[in-house]
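# Coordinates in review
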Amino acid sequence: MMQRLFLDTCTKRVAVAALGLSVGLIGMLGQAHAASGYDQSQLVYVGTQQAQIQALRFDPSTGKLAVIGPVAKGLNATWVQSDPQRPVIYAVDDDKVREGSVTAYAVDRATGALTELNRVDSNGRGTTNLSLDARSMTLLAASYDSGTVSSIALEPDGRLGVRASTMQETGSGPNQRRQASAHAHNAVVDPSGRYVLVPDLGADRVFVYGFDAAKHALLPDNGDPPRAFTAPSGSGPRHVVFGADGRFAYVITELSAEIFVLRWDAVQGRLTPVQTVSLSSPEFKGVRSGAEIVTSTDGRFVYAEDRSEDTLVVYRVDPESGELSELQRIACGGTKPWGMEVDPSGKWLFVANQRSGNIAVFSVDSTSGKLAGTGATADVPTAVSVALVN
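The next thing to look at is the sheet that holds strand 29 (residues 383-389). The strands making up a sheet associate through backbone hydrogen bonding, with each pair oriented either parallel or antiparallel. The four strands are arranged 3-2-1-29 in an open sheet whose pairing can be described as antiparallel. Lying at the two open borders of the sheet, with one neighbouring strand each, are strand 3 (64-73) and strand 29. Here the average twist between neighbouring strands, direction ignored, is 25°.

On to the side chain of Asp-94. Mapped onto the secondary structure, Asp-94 falls in the loop between strand 5 (88-93) and strand 6 (99-107). Although Asp-94 is buried, it makes no salt bridge; Lys-96 carries the closest opposite charge, 4.0 Å away. Once residues within four sequence positions are removed from consideration, Asp-94 is found in contact with Asn-76, Thr-78, Gly-126, Thr-127 and Thr-128.

What follows covers the pattern of salt bridges. Taken as a whole and assessed by the stated rule, the structure comprises 13 salt bridges. Residue Asp-95 pairs with Arg-98 through a salt bridge whose shortest N-O separation is 3.2 Å. Since its relative accessible area comes to 17%, Asp-95 is described here as buried. Given a relative accessible area of 43%, Arg-98 falls into the partly exposed group. With a shortest N-O distance of 3.0 Å, Arg-119 and Glu-116 are connected by a salt bridge. Taking the relative accessible area as the measure of exposure, Arg-119 reaches 41% and is therefore partly exposed. Assessed through its relative accessible area of 41%, Glu-116 is described here as partly exposed. Each of Arg-178, Arg-238, Glu-254 and Arg-307 takes part in salt bridges that share partners, so that together they form one network.

Time to look at the pairing of strand 11 (residues 160-168). Relative to strand 11, strand 10 (residues 148-154) is paired through six bridges, and the arrangement is antiparallel. Its bridge partner lying in strand 11, Ser-151 is registered against Ser-165. In sequence, strand 10 turns back onto strand 11 through a hairpin of five residues, with Gly-158 there showing a positive phi of about 95°.

Turning our eyes to something else, we now look at the sheet that holds strand 20 (residues 270-278). The strand order 17-18-19-20 describes an open sheet built from four strands, whose pairing is antiparallel. The sheet is open, and its two edges are formed by strand 17 (237-242) and strand 20, each paired on a single side. With direction set aside, neighbouring strand axes in the sheet form an average angle of 25°. For strand 18 (residues 248-253) and strand 19 (residues 258-265), the ladder comprises five bridges, and the chain directions are antiparallel. When the sheet's bridge partners are listed, Phe-248 is paired in strand 19 with Arg-263.

In this model, the largest pocket occupies a volume close to 1400 Å³. Lining the largest pocket are 50 residues, with Gln-81, Leu-132, Val-241, Thr-295 and Glu-341 positioned closest to its centre. Counting residues per element, the ones that place at least two in the lining of the largest pocket are strand 4 (80-82), strand 8 (127-133), strand 9 (138-143), strand 12 (188-189), strand 17, strand 21 (290-295), strand 25 (337-342) and strand 29. Counting residues per element, the lining of the largest pocket draws most heavily on strand 8, which supplies five residues. Its residues assigned to classes, the lining of the largest pocket comprises 24 nonpolar, 15 polar and 11 charged.

A word on the packing of aromatic side chains. In total, this model carries five aromatic pairs according to the counting rule given. Measuring from centroid to centroid gives 5.0 Å for Phe-58 and Phe-350, while their planes differ by 85°, and the two rings are edge-to-face. Pair noted here: Phe-58 is in strand 2 (residues 52-59) and Phe-350 is in strand 26 (residues 348-353), with a separation of 292 residues, a long-range link. Overall, Phe-58 belongs to the buried group, its relative accessible area being 0%. The buried category is assigned to Phe-350, whose relative accessible area is 0%. With a centroid separation of 6.2 Å and 15° between ring planes, the pair formed by Phe-207 and Tyr-209 is classed as stacked.

Cut-offs and rules
- Residues numbered from 1 in each chain as written.
- Predicted model: local features only at pLDDT ≥ 70, side-chain atom pairs only at ≥ 80, totals over all residues.
- Heavy atoms only, no water.
- Pairing = 2+ DSSP bridges.
- Helix = DSSP H or I, 4+ residues; strand = E, 2+ residues; numbered from the N terminus.
- Axes fitted to C-alpha atoms, helices over the stretch in contact; angles between N-to-C directions.
- Buried < 20%, exposed > 50% of the residue type's maximum accessible area, 1.4 Å probe, protein only.
- Lys, Arg positive; Asp, Glu negative; His and termini not counted.
- Salt bridge = Lys/Arg side-chain N within 4 Å of Asp/Glu carboxyl O.
- Contact = heavy atoms within 4.5 Å.
- 1 Å grid on protein atoms, 1.4 Å probe; cavity = no way out; pocket = protein on both sides within 12 Å on 5 of 7 lines; lining within 4 Å.
- Points joined across faces, edges and corners; volume = space filled by probe spheres on them.
- Nonpolar A, V, L, I, M, F, W, Y, C, P; charged D, E, K, R; others polar.
- Phe/Tyr/Trp six-rings, centres within 6.5 Å; stacked < 30°, edge-to-face > 60°.

None of the figures reported here should be taken as evidence of function without further support.
As structure tokens, this is what we get:
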């Protein structure tokens with residue numbers, strides 16, 4: 001009996017020791033993995049006008065940016081969009097003379113390499129912008145040259161499913177060179193999940209379509225009168241973002257370089273004007289051009305690109321009225337800013353400068369909302385858009 005107790009005790013001690021060793025080894029491996037910096041870094045994918053996607057690696061602990069290089073070639077992947085829930089990147093084929101497409105790529109977090117998963121036709125020419133609605137697992141593709149917007153279902157693994165719907169827009173504006181026909185530039189599902197808003201540069205409209213989330217499908221505007229918001233003539237609506245609580249939408253215009261603050265009625269699906277803000281400085285007398293607009297992660301600030309003056313403009317959002325008040329103007333870190341993205345932590349802003357061909361990194365003050373140039377930059381010829389993968 002004593003011998004058995006002795007053996008049992010020894011067995012337990014060995015088991016405990018083995019468990020402790022195991023935990024220790026796992027801890028050491030975890031520390032080594034953390035020390036490598038891989039799990040702390042972000043992958044930055046850049047859409048370009050060079051028929052390729054470039055990859056960078058960003059270390060948020062140091063603010064340093066390193067070039068990985070081209071990771072996909074062949075398609076005119078001007079716009080890239082990341083999936084917030086999966087290591088997947090989506091890219092357009094922005095072709096003006098034939099039907100465009102959308103391609104899904106699996107991301108290798110260790111190397112940054114992309115592996116093509118599948119491709120779906122966009123049913124439009126000049127596919128120029130993508131946005132992803134994670135709730136309904138739907139990808140929206142806006143095609144500039146054909147003036148169409150399509151919705152594509154996403155599979156659970158991030159692959160592209162069927163193209164569920166396409167809407168053809170009509171209309172024109174006074175700028176004969178840029179507004180001879182409709183040019184859908186962006187498409188976003190509203191916070192209620194019931195509508196899709198499409199800024200159209202050519203038609204001077206923000207079209208408002210119904211949205212069937214279960215079918216991933218856009219529905220015709222059956223409002224009486226139609227729900228589309230009519231923008232000032234010649235303004236050229238480009239992109240739209242919503243405020244934190246969904247009561248206000250912010251539309252940046254390309255041709256007039258303005259921001260329209262619009263109250264959003266999610267019950268009726270209608271926009272009403274609240275405020276118009278000029279991006280240009282008072283002394284600017286040249287040709288105006290607005291580009292991208294994003295919000296801070298908490299929704300208290302709006303960031304806009306003025307590519308006619310190569311500046312970023314920071315605005316504070318009034319939580320009650322939705323109105324914007326200018327806080328800061330800062331050089332964009334290059335020339336002709338085109339796209340930008342705030343990282344999920346809200347601490348960093350990445351700007352794609354098309355003409356100077358670089359990605360510039362700015363730090364974000366979470367209290368004031370103001371930006372500061374970090375000096376971190378990477379050369380990417382004709383950089384147009386940015387997508388981040390943690």
